[in-house]
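One letter stands for each residue in the lines below.
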Amino acid sequence: DTAVSQTPKYLVTQMGNDKSIKCEQNLGHDTMYWYKQDSKKFLKIMFSYNNKELIINETVPNRFSPKSPDKAHLNLHINSLELGDSAVYFCASSQDRTSDYSETQYFGPGTRLLVL
Amino acid sequence: AQSVTQLGSHVSVSEGALVLLRCNYSSSVPPYLFWYVQYPNQGLQLLLKYTSAATLVKGINGFEAEFKKSETSFHLTKPSAHMSDAAEYFCAVSGAGGTSYGKLTFGQGTILTVHP
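Residues numbered from 1 in each chain as written. Chains lettered and ligands numbered in written order. Predicted model: local features only at pLDDT ≥ 70, side-chain atom pairs only at ≥ 80, totals over all residues. Heavy atoms only, no water.

Enquirer: When you look at empty space enclosed by the protein in this model, what are you seeing that I'm missing?
Expert: Empty space among the atoms becomes visible once a probe the size of a water molecule is rolled across them. Residues and elements named next belong to chain A. By the definition in use, this model includes 1 cavity of 30 Å³ or more. What lines the largest cavity is simply Asp30, Met32, Tyr49, Asn50, Asn51, Lys52, Ser68, Lys71 and Leu74. Looking at the lining of the largest cavity residue by residue, the classes come out as 3 nonpolar, 3 polar and 3 charged. (1 Å grid on protein atoms, 1.4 Å probe; cavity = no way out; pocket = protein on both sides within 12 Å on 5 of 7 lines; lining within 4 Å. Points joined across faces, edges and corners; volume = space filled by probe spheres on them. Nonpolar A, V, L, I, M, F, W, Y, C, P; charged D, E, K, R; others polar.)

Enquirer: Hey, could you run me through the interface of chain B and chain A in this one?
Expert: Note: interface size is frequently given as the accessible area lost on complex formation between the parts. Contact with chain B, which involves 26 residues of that partner, is made by 22 residues of chain A. Buried surface at the junction of chain B and chain A, both sides included, amounts to about 2,000 Å², of which 56% is carbon and sulfur. Applying the counting rule to chain B against chain A returns 1 salt bridge. In this structure, B:Glu88 engages A:Lys41 in a salt bridge whose closest nitrogen and oxygen atoms are separated by 3.0 Å. Counting across the interface, chain B meets chain A through 5 residue pairs in polar contact (both at pLDDT 80 or more). Listing elements by their share of the side of chain B that touches chain A, those giving two or more residues are strand 4 (31-38), strand 5 (44-50), strand 9 (87-95) and strand 10 (104-106) of chain B. (Contact = heavy atoms within 4.5 Å. Buried area = accessible area lost by both parts, 1.4 Å probe. Salt bridge = Lys/Arg side-chain N within 4 Å of Asp/Glu carboxyl O. Polar contact = N/O pair within 3.5 Å; in protein donor to acceptor, adjacent residues only side chain to side chain. Helix = DSSP H or I, 4+ residues; strand = E, 2+ residues; numbered from the N terminus.)

Enquirer: Explanation requested: the pairing of strand 3 (residues 19-25) of chain A in the structure shown.
Expert: Both faces of the sheet carry side chains from a regular strand, because those side chains alternate between them. Residues and elements named next belong to chain A. Both strand 1 (residues 4-7) and strand 3 contribute to a ladder of 4 bridges, which runs antiparallel. Within the sheet, the bridge partner assigned to Ser5 lies in strand 3 and is Glu24. Where strand 3 meets strand 8 (residues 73-78), 4 bridges bridge the pair, whose relative direction is antiparallel. Considered in strand 8, the bridge of Ser20 is made with His77. (Pairing = 2+ DSSP bridges.)

Rendered as structure tokens:
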């Protein structure tokens, strides 16, 4: 009964490959997010979707493409992986944050991506 | 624009001692403020949040934080540290308005070590 789940937990791949990370939430939330945590543990938002609509798109290379097939899922596809993409990627969800910005975000366990 | 500064990347205390983790924020709109905890190899868990009600906010595991507008601070405290409190703590700010769609901006994190 995990609230926010991510697969895979670990991902090791070669430079130039394309990979996807999946995220699912069973909390009935409307808004989902992707964050990147770098080697210094700095967390930065990448994308946010509300009811399958993109609402936040930070300055992220267009090799990163989020896709939300329904409001319970937000997947992250990364093309042409680079060494600098190595990081921990966290998915999160919250109730609708397009109106109430105090809503708590619930985080998944993270996907540890290592690009060789 | 919003930002968070956490003073001290590492804090070390003895078991039973006071825990004080510092957070200062900058926000062009009234802020919502959050403290999250991250245990090794896990996602982030909300400890507490300030949403413009009471300035002294109580959270889980005996933690509390006080919002001080004049000092633009939201420091996290716990009267008596426990070994299980050892983790990394993140302060985050969300604008209560504007076009940020409630985007969370995180500080750089503070690692808390608790000695027996």
